[in-house]
Amino acid sequence: AQCSHPHTPLQCQPMKAYRAPLLSFDAQGQPLYESDGLLLTAPDARGTERVLASGAWSALSHKLQAPDAQGVTVQHWPGKLIAPGFVDTHVHYPQVDVIGSPADGLLPWLENYTFPAETKFADPAHAQAVASVFLDELQRHGVTTALAFATSHPTSVDALFAEAQARRMRLITGMCLMDQNAPDGLRNPPSAPGRGDAAEHSLLQSEALIQRWHGQSRLGYAITPRFVPTCTDAQLRGAGELAARYPDVWVQSHVAENRDEIAWVRELHPQARSYLDVYHRFGLLRERTVYAHGIHLDDTDRALLRDTGSAIAVSPTSNLFLGSGLFDFAAAQRSGHLHGLASDVGGGTSFSPFETMKAAYFTGRMALESQGGVPKAGLSLSPAHLWWLHTAGAAQALGLAGVVGNLCPGAEADFVLLNPQATPLLARRTAAAQSLAELLFAFIILGDDRAVERSFCA
């Protein structure tokens, strides 16, 4: 089957052609698989490589005989798998060096490891060095699009954007807004020592970063309140006003991750119905808004997410590592709110989308629903749906459906070349696969960075 998304006008030269087993998704999120597939790409008017066609070799190979395809060399990878590049909806680039740090929970982990590490990003050289390592790790694991947190230092944002731009990578990030309940060196400073207003200054810095970076190459800016406890009312209000002035930028933060965090938010905002409602009151729920975790939500919160077009970045390895709780996939599906998968490094324990999908599967199985007071087993997420949640579904959560996370015509040509024979056990299991579900699930359970032979960014 071939994809059916609307075409984006493409230049026809120079075309590139890739032949291999091919995975993509239709507009409803159903998998499209060709055991012998062909992917054709070409640059658009801005030089960004886009998908020209994808589908069965038998149906598309005639395009290679067209006059404008003369001289095109087909890269042929029999026995491999071409798949959409993975999309990470929530990850912290300054936390590369604290991944795997032991802690008793979220708040102690932030205090003892995360915040001290993030103070170092005032140094542009340190920020640049970590940005390079961070993007190396994403691409090595097959992640071609990411919504990432920087720190409260503009230097951290500049470093990550510059490194992503050099790689032609689609990346969204923003400066952390945190003008209270944060250590010196990380709390947003006033405009001058002893003068000015920290909230106003941080918002002016954010707006300057929007004007400098948003829409450049494949880069996007995200207005980034760290989380409610680290932001004054003035800063949250200003963030909402900034989001209204720039409706095409993103908003990202955290919500309802940890019960101690939720209790803290309740003390700070006793008038709010819920943690999510705090953001809503300040105008921070809309399309292109992504909140990490969303474990401890109720149906009213989920309906609010759905009705505002806001999304949850589900971070299962982080939630399990920090003991925060289990995301309720069944409730999310019932409510219909947007959600996609995320690594949440460094609370998350791996950059690997396979590890994230595996943890999501475990989370779905472990979560209990109560119907009529009788607990029943949780949801068994299908391999194709897990894969969709980390590619096309994650792109949809970011407001980028049909742009990334898929190989349909007009999509940016972000894809990965996967090796089903990367390890002896993976090779044995994939060779015995009797269906697409078995093949994809073998990658999820047994795959790691060794299965990612190459990542292509546009």
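Residues numbered from 1 in each chain as written. Predicted model: local features only at pLDDT ≥ 70, side-chain atom pairs only at ≥ 80, totals over all residues. Heavy atoms only, no water.

1. Describing the overall build of the protein chain
The line we're drawing: Only DSSP runs of H or I covering at least 4 residues are called helices, and only runs of E covering at least 2 are called strands; the numbering of each starts at the N terminus. Burial classes: relative accessible area under 20% of the type maximum marks a residue as buried, over 50% as exposed, and values in between as partly exposed (1.4 Å probe, protein chains only). Here Asp and Glu are counted as negative and Lys and Arg as positive; His is not counted, and neither are the chain ends. By convention, the charge on Lys lies at NZ, on Arg at CZ, on Asp at CG and on Glu at CD.
If you tally the helices and strands in the protein chain, you get 16 helices and 18 strands. Taken over the C-alpha atoms alone, the protein chain extends approximately 70 × 55 × 40 Å along its principal axes. Taken across its 458 residues, the protein chain has 61% of its residues classed as buried. Separation of charge centres in the protein chain, based on 34 positive and 44 negative side chains, amounts to 4 Å.

2. With respect to the side chain of His90
The condition that has to hold: N or O atoms closer than or at 3.5 Å make up a polar contact, with two conditions inside protein: a donor-capable atom paired with an acceptor-capable one, and, for residues adjacent in sequence, both atoms drawn from side chains. The criterion used for residue contact is that any of the two residues' heavy atoms lie within 4.5 Å.
Mapped onto the fold, His90 is located in strand S6 (residues 86-92). Among the polar contacts listed, one links the side chain of His90 to the side chain of His254, at a separation of 3.3 Å. When neighbours within four sequence positions are excluded, His90 is seen to be in contact with Leu147, Phe149, His254, Ala292, His293, Ala313, Ser315, Ala342, Ser343 and Asp344.

3. Concerning the pattern of salt bridges
To keep it simple, the criterion reads: Any carboxyl oxygen of Asp or Glu that lies within 4 Å of a side-chain nitrogen of Lys or Arg is treated as forming a salt bridge with it.
Per the stated rule, a full pass over the model turns up 24 salt bridges. As a salt-bridge pair, Arg167 and Glu163 come within 3.0 Å of each other at their nearest N and O atoms. For the pair Arg167 and Glu163, one class covers both residues: buried. The residue Glu412 makes a salt bridge to Arg170 at a minimum N-O spacing of 2.8 Å. With a gap of 242 residues between them, Glu412 in the loop between helix H14 (392-397) and strand S17 (415-418) and Arg170 in strand S8 (residues 170-174) connect regions that are remote in the sequence. Neither Glu412 nor Arg170 differs from the other in exposure class; each is buried.

4. Considerations on the confidence of the model for the protein chain
For clarity, the threshold we go by: Per residue, pLDDT captures the predictor's confidence, and it can take any value from 0 to 100.
Per-chain confidence: the protein chain averages 92 in pLDDT, with 94% of residues scoring 70 or above. In this model, residues 1-12 is a region of pLDDT below 50 whose contacts with residues beyond four sequence positions or in other chains number 39 contacts.

5. Overview of the side chain of Arg218
With respect to the helices and strands, Arg218 occurs in the loop between helix H5 (198-213) and strand S10 (219-225). Looking at Arg218, its side chain comes within polar contact range of the main-chain oxygen of Arg168, at 2.8 Å. A polar contact is formed between the side chain of Arg218 and the side chain of Asp414, at a distance of 2.7 Å. Contact partners of Arg218, with chain neighbours within four places excluded, come to Thr48, Arg168, Met169, Arg170, Leu171, Val404, Glu412, Asp414, Cys457 and Ala458.

6. What about the packing of aromatic side chains?
Put simply, the rule reads: When the centres of two rings from Phe, Tyr and Trp lie within 6.5 Å, Trp using its six-membered ring, the rings pair. Their planes under 30 degrees apart give stacked, over 60 give edge-to-face, and anything left gives tilted.
Summed over all chains, the structure comprises 20 aromatic pairs. Ring geometry for Tyr18 against Phe456: centres 5.8 Å apart, planes inclined by 65°, an arrangement best described as edge-to-face. One end of the pair, Tyr18, is in strand S1 (residues 16-25); the other, Phe456, is in strand S18 (residues 452-456), and 438 residues separate them in sequence. For the pair Tyr18 and Phe456, a shared accessibility class is recorded, and that class is buried. Each ring, one from Phe327 and one from Phe329, has its centre 5.0 Å from the other, and the planes form 80°; the classification is edge-to-face.

7. Here we look at empty space enclosed by the protein
What counts here: Lining residues are those with an atom within 4 Å of a point, where the points come from a 1 Å grid over the protein atoms alone and group into cavities, where a 1.4 Å probe fits but cannot get out, or pockets, open sets with protein on both sides within 12 Å along at least five of seven lines. Grid points are joined across faces, edges and corners, and a volume is the space filled by probe spheres set on the points. In this count, Pro and Cys sit with the nonpolar residues alongside Ala, Val, Leu, Ile, Met, Phe, Trp and Tyr, while Asp, Glu, Lys and Arg are called charged and the others, Gly among them, polar.
Under the criterion given, the structure shown has three cavities of 30 Å³ or more. By volume, the largest cavity is sized at about 130 Å³. The wall of the largest cavity is formed by 15 residues, among which His92, Leu106, Leu110, His254 and Glu257 lie closest to the centre. Mapped by element, the contributors of at least two residues to the lining of the largest cavity are helix H2 (106-118) and helix H10 (316-322). When its residues are assigned to classes, the lining of the largest cavity shows five nonpolar, six polar and four charged.

8. So, the packing of H5 against helix H6 (residues 233-245)
To keep it simple, the criterion reads: Helix axes use the C-alpha atoms of the stretch in contact, all axes being lines fitted to C-alpha atoms, and the angles between their N-to-C directions lie in the range 0 to 180 degrees. Roughly parallel means an angle under 35 degrees; roughly antiparallel means over 145; roughly perpendicular covers 65 to 115; every other angle is labelled oblique. Helix crossings get a hand from a simple test, with the near helix turned counterclockwise from the far one by less than a right angle marking a left-handed crossing and a clockwise turn marking a right-handed one.
The geometry of H5 relative to H6 is characterised by a closest axis approach of 9 Å and an angle of 25° between their N-to-C directions. As summarised for this structure, H5 and H6 are arranged roughly parallel, according to the angle between their axes. Relative to H6, the crossing made by H5 is right-handed. Between H5 and H6, the contacting residues are Ala199, Ser202, Leu203, Ser206, Glu207 and Ile210 on the first element and Ala234, Gln235, Gly238, Ala239, Leu242 and Arg245 on the second.

9. Some thoughts on the packing of helix H3 (residues 124-140) against helix H4 (residues 154-166)
It is at 8 Å that the axes of H3 and H4 come closest, and there the two elements cross at 40°. By the angle between their directions, the pair H3 and H4 is classed as oblique. Of the two possible hands of crossing, H3 and H4 adopt the one that is right-handed. Two secondary-structure elements touch here, H3 through Pro124, Ala127, Gln128, Ala131, Ser132, Phe134 and Leu135 and H4 through Thr155, Ser156, Ala159, Leu160, Glu163 and Ala164.

10. Let's talk about the environment of Lys80
Within the secondary structure, Lys80 sits in the loop between strand S4 (74-76) and strand S5 (81-84). Under the relative-accessibility criterion, Lys80 is labelled buried at 18%. For the pair Lys80 and Arg19, spaced 61 residues apart in sequence, the C-alpha to C-alpha distance is 9.6 Å. Ignoring sequence-local partners within four residues, the contact set of Lys80 consists of Pro21, Leu417, Leu418, Asn419, Pro420 and Glu453. Polar contacts involving the side chain of Lys80 include one to the side chain of Glu453, which spans 2.8 Å.

11. Concerning the nonpolar core
To keep it simple, the criterion reads: Side-chain atoms within 4.5 Å link the members of a nonpolar core, which is a set of buried Ala, Val, Leu, Ile, Met, Phe, Trp, Tyr and Cys residues.
Counting 103 residues, the largest nonpolar core has Tyr93, Phe134, Ile223 and Trp387 as the members making the most contacts within it. Residue contributions to this core peak at six residues, all from H3. The next biggest cluster of nonpolar side chains, apart from the first, holds 15 residues, and it includes Val87, Ala394, Ala397 and Leu400.

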